[in-house]
Amino acid sequence: MILDIKKYPDPVLTKKAKKIKNIDQEIQKLIDDMIETMYAAPGVGLAAPQVGHSLRLAVFDSSVKEEEGLLTVMINPEIIEKNGEIIMKEGCLSVPGLEAEIKRSEQVKVIGLDRNGHTVTIEATGFLARVIQHEIDHLEGILLLDRISLLKRNIYKRRFVKKQREEAKEQAAQE
Ligand SMILES: [Zn+2]
């Protein structure tokens with residue numbers, strides 16, 4: 001089932017997500033739906049808060065941009081090692097219309113659980129490392145907007161409010 005992707009300023013996006021204790025049927029269904037939603041968007045990654053569930057779960061597949069990408073499900077992921085720094089352009093399905101140069105670690109080592117509850121460690125560089133850091137940000141309630149300058153953030157927010165007002169007016173005109 002394709003889920004509705006929550007967008008800024010939905011409060012679920014700025015909440016710190018809770019750890020998953022039991023990987024039960026409900027979680028399995030959520031994982032399947034998130035995978036479907038990510039590919040349909042299309043996106044390279046999706047975190048549970050983006051579909052309205054404040055849980056530490058993310059799915060990603062960087063093969064959209066890199067051939068060696070693989071569909072990965074991570075439950076309760078944690079970055080245990082970071083190296084280097086790199087600036088890359090980034091966007092987010094939950095912050096439509098924003099593309100910004102973001103500085104992140106070039107390499108990360110992440111530990112978490114797969115959907116069967118087995119511990120997995122991922123060592124990632126380049127684009128995949130970026131996707132993983134972006135998704136883990138979502139679990140902390142951090143959005144791209146929090147990673148850009150105050151000036152750029154205000155420009156986005158102003159533009160966003162204006163767009164919302166225009167949409168409301170259009171809707172009122174149709175009614
Ligand atoms: Zn995002």
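Look up: the structure comes first, before these words.
Residues numbered from 1 in each chain as written. Predicted model: local features only at pLDDT ≥ 70, side-chain atom pairs only at ≥ 80, totals over all residues.

Considering the nonpolar core
Then comes step 1: The biggest cluster of nonpolar side chains holds 25 residues, and the ones touching the most others in it are M34, L46, A48, A58, V59, F60 and I132.
Then comes step 2: When residues of this core are traced back to their parent elements, those giving at least two are α1 (25-40), β1 (45-47), β2 (57-60), β3 (72-83), β6 (107-113) and α2 (126-139).
Then comes step 3: If we ignore the near neighbours within four places in the chain, the residues touching A58 are G45, L46, A47, A48, M74, P77, E135, H138 and L139.
Then comes step 4: Counting 7 residues, the second largest nonpolar core, distinct from the first, contains L13, C92, L98 and L145. (Core = buried A, V, L, I, M, F, W, Y, C linked by C-beta atoms within 7 Å. Buried ≥ 20, exposed ≤ 12 C-beta atoms within 10 Å, placed from the backbone. Helix = DSSP H or I, 4+ residues; strand = E, 2+ residues; numbered from the N terminus. Contact = placed C-beta atoms within 7 Å.)

Some thoughts on unusual backbone geometry
Then comes step 1: The peptide bond linking Y8 to P9 adopts the cis configuration, its omega dihedral lying at 10 degrees.
Then comes step 2: Tracing the backbone shows P9 in the segment before α1.
Then comes step 3: In this structure, the amide linkage connecting A41 to the following residue, P42, adopts the cis form with an omega of -10 degrees.
Then comes step 4: On the secondary structure map, P42 appears in the loop between α1 and β1.
Then comes step 5: Of note in the backbone geometry, N76 takes a positive phi value of approximately 50 degrees without being a glycine.

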